[in-house]
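Spelled out from the first residue to the last, the chains are:
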2 protein chains.
Amino acid sequence: MAEINTIAQQFVQFYYTTFDADRSNLASLYRTGSMLTWEGTPIQSAASIIEKLTSLPFSKVQHKVETLDAQPSSPTTPSIIVAVTGLLQVDDSPNPLQFSQTFHLIPDGGSYYVQNDVFRLNYGA
Amino acid sequence: MAEINTIAQQFVQFYYTTFDADRSNLASLYRTGSMLTWEGTPIQSAASIIEKLTSLPFSKVQHKVETLDAQPSSPTTPSIIVAVTGLLQVDDSPNPLQFSQTFHLIPDGGSYYVQNDVFRLNYGA
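The residue numbers shown here count from 1 along each chain, following its written sequence. To read the labels, note that chains go from A and ligands from 1, taken in the order they are written. Given that the model is predicted, a residue must reach a pLDDT of at least 70 before its local features are reported, and side-chain atom pairs must reach 80 or more before they are shown or counted; all residues, however, enter totals for whole chains, interfaces and linings. Values reported for side chains reflect all heavy atoms of the structure, with hydrogen atoms and water molecules removed beforehand.

**Q** Where do I start with the packing of aromatic side chains in this structure?
**A** The geometry of an aromatic ring pair comes down to the distance between the two centres and the angle between the two planes. Two rings from Phe, Tyr or Trp (for Trp, the six-membered ring) form a pair when their centres are within 6.5 Å of each other. A pair whose planes differ by under 30 degrees is stacked, one over 60 is edge-to-face, and the rest are tilted. Counting across every chain of the model gives 18 aromatic pairs over all chains. With 4.9 Å between their ring centres and 80° between their planes, Phe 11 of chain A and Phe 103 of chain A make a pair best called edge-to-face. Of this pair, Phe 11 of chain A sits in helix α1 (residues 2–22) while Phe 103 of chain A sits in strand β5 (residues 97–108), placing them 92 residues apart in sequence. Only protein chains enter the accessibility calculation, which uses a 1.4 Å probe; a residue is then buried when its area is under 20% of its type maximum, exposed when over 50%, and partly exposed in between. By relative accessible area, Phe 11 of chain A is classed as buried at 9%. On the numbers, 4.8 Å between centres and 65° between planes, the contact of Tyr 15 of chain B with Phe 103 of chain B is edge-to-face. With Tyr 15 of chain B in helix α1 (residues 2–22) and Phe 103 of chain B in strand β5 (residues 97–108), this residue pair connects regions lying 88 residues apart in the sequence. Assigned by exposure class, Tyr 15 of chain B and Phe 103 of chain B land together as buried. Under the scheme used here, helices are H or I runs from DSSP no shorter than 4 residues and strands are E runs no shorter than 2 residues, and both carry numbers assigned from the N terminus.

The following block contains the structure:
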């Protein structure tokens with residue numbers, strides 16, 4: 001579990017730092033079979049996912065991770081489920097938005113790629 | 001995708017209805033290798049998970065699902081990642097709590113069991 005938590009923390013730090021700096025650079029994390037569900041909209045393949053992420057209507061964005069949980073997703077392969085909750089600050093909006101994001105990371109040649117990615121903003125009660 | 005969404009919806013409806021009525025009845029959904037991370041605490045095996053869930057310090061509980069997203073977690077087996085956000089009303093508290101929950105469902109003899117389960121309350125900004 002220790003190693004899985006370390007991998008998950010490194011991934012999450014890299015993912016949001018890259019997202020907030022220049023989200024087109026996230027392309028290397030996805031593959032042709034990768035899926036993103038963004039606010040309920042399913043999108044498949046690295047190219048379509050990056051097209052979606054770069055077309056989001058904000059320029060400045062900052063993620064703040066509040067909770068991060070990781071589990072091995074399979075007894076036979078070292079794949080990892082990563083569940084994140086946090087706050088998203090967009091452009092000059094004064095109020096951050098609460099978000100939830102789930103990743104499924106698959107090992108590939110010493111690194112990991114994102115097979116599954118589900119993102120939701122939480123509007124609450 | 002249509003079938004996966006249907007399976008996910010049926011699972012989620014069954015899960016929360018059972019949780020809210022008598023959460024000890026969730027035992028059949030977990031296996032020895034199943035993992036729950038409850039508010040950051042990792043718990044393994046069906047027996048330990050049910051012990052945790054039944055020892056939670058509330059008697060009345062009601063889940064209201066707000067968003068439900070499902071994706072196939074693997075190109076080779078029909079396993080499913082289910083990401084839920086919603087509201088949790090506990091005992092006589094007037095304010096519901098926002099929660100996020102991620103399940104990883106593995107097919108087994110015509111049904112599915114929960115391999116992974118991550119639960120978090122979102123306290124927001």
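Back to the text.
**Q** How do you make sense of the interface of chain B and chain A when you look at a structure like this?
**A** How big an interface is tends to be stated in terms of the accessible area lost upon association of its parts. The contact definition used throughout considers only heavy atoms, calling two residues in contact when any of these lie within 4.5 Å. Tallying the contact residues gives 31 residues for chain B and 31 residues for chain A. Note: buried area is the sum, over both parts, of the accessible area (probe 1.4 Å) each one loses when the two are combined. Taken over both partners, the interface formed by chain B and chain A buries close to 2400 Å², and the fraction arising from carbon and sulfur atoms is 57%. Its salt-bridge partner being Arg 120 of chain A, residue Asp 69 of chain B comes within 2.8 Å of it at the nearest N-O pair. Any pair of N or O atoms that falls within 3.5 Å is considered a polar contact. Within protein, one atom must be able to donate a hydrogen and the other to accept it, and sequence-neighbouring residues count only if both atoms are side-chain atoms. The tally of links from chain B across to chain A stands at 14 residue pairs in polar contact (both at pLDDT 80 or more). Elements with a contribution of two residues or more to the side of chain B that touches chain A: β1 (30–38), β3 (61–72), β4 (80–90), β5 and β6 (111–122) of chain B. Note on residue categories: nonpolar means Ala, Val, Leu, Ile, Met, Phe, Trp, Tyr, Cys or Pro, charged means Asp, Glu, Lys or Arg, and polar means any other residue, Gly included. Its residues assigned to classes, the side of chain B that touches chain A shows 13 nonpolar, 14 polar and four charged. Any Lys or Arg side-chain nitrogen found within 4 Å of a carboxyl oxygen on Asp or Glu counts as a salt bridge.

**Q** Just checking my understanding: could you explain the relation of the copies chain B and chain A for this structure?
**A** Both copies of the chain are related by a screw-like operation: a rotation about an axis and a shift along it. Its rotation angle being 180°, the transformation that places chain B on chain A also includes 0.0 Å of axial translation and leaves an RMSD of 0.0 Å. A rotation of that kind, with that shift, is consistent with a two-fold axis. Fitting of the copies onto one another was done by least squares over C-alpha atoms, counting residues only where both copies have pLDDT of at least 70.

**Q** Is there a simple way to think about the sheet that holds strand β1 (residues 30–38) of chain A in this case?
**A** In a beta sheet, neighbouring strands pair by backbone hydrogen bonds and run either parallel or antiparallel. Residue and element names in this part refer to chain A. Ordered by their spatial adjacency, six strands build an open sheet running β2-β1-β6-β5-β4-β3, and the pairing between neighbours is mixed. Whereas interior strands pair on both sides, the edge strands pair on one side only; in this sheet they are β2 (41–44) and β3 (61–72). Averaged over all pairs of adjacent strands, the angle between strand axes in this sheet comes to 15°, irrespective of strand direction. Across nine bridges, strand β4 (residues 80–90) lies against β5 in antiparallel orientation. The residue of β5 that forms the bridge with Val 84 is Gln 101. Its contacts with the sheet place helix α2 (residues 46–54) against β1 and β2, and it is angled at close to 40° to β1. Pairing between two strands requires that DSSP report at least two bridges joining them. Where helices are involved, their axes are fitted lines through C-alpha atoms of the stretch in contact, as for all axes, and angles between N-to-C directions lie from 0 to 180°.

**Q** Quick question: what am I supposed to make of the side chain of Asn 122 of chain B here?
**A** Mapped onto the fold, Asn 122 of chain B is located in strand β6. Only 2.9 Å separates the side chain of Asn 122 of chain B from the side chain of Ser 100 of chain B, close enough to count as a polar contact.

**Q** Before we go on, may I ask you to explain the environment of Gln 10 of chain A in this structure?
**A** Residues and elements named next belong to chain A. Position of Gln 10 among the secondary structure elements: in helix α1. The class of Gln 10 is exposed, set by a relative accessible area of 53%. Here the alpha-carbon distance between Gln 10 and Asp 108, two residues 98 residues apart in the chain, equals 16 Å.

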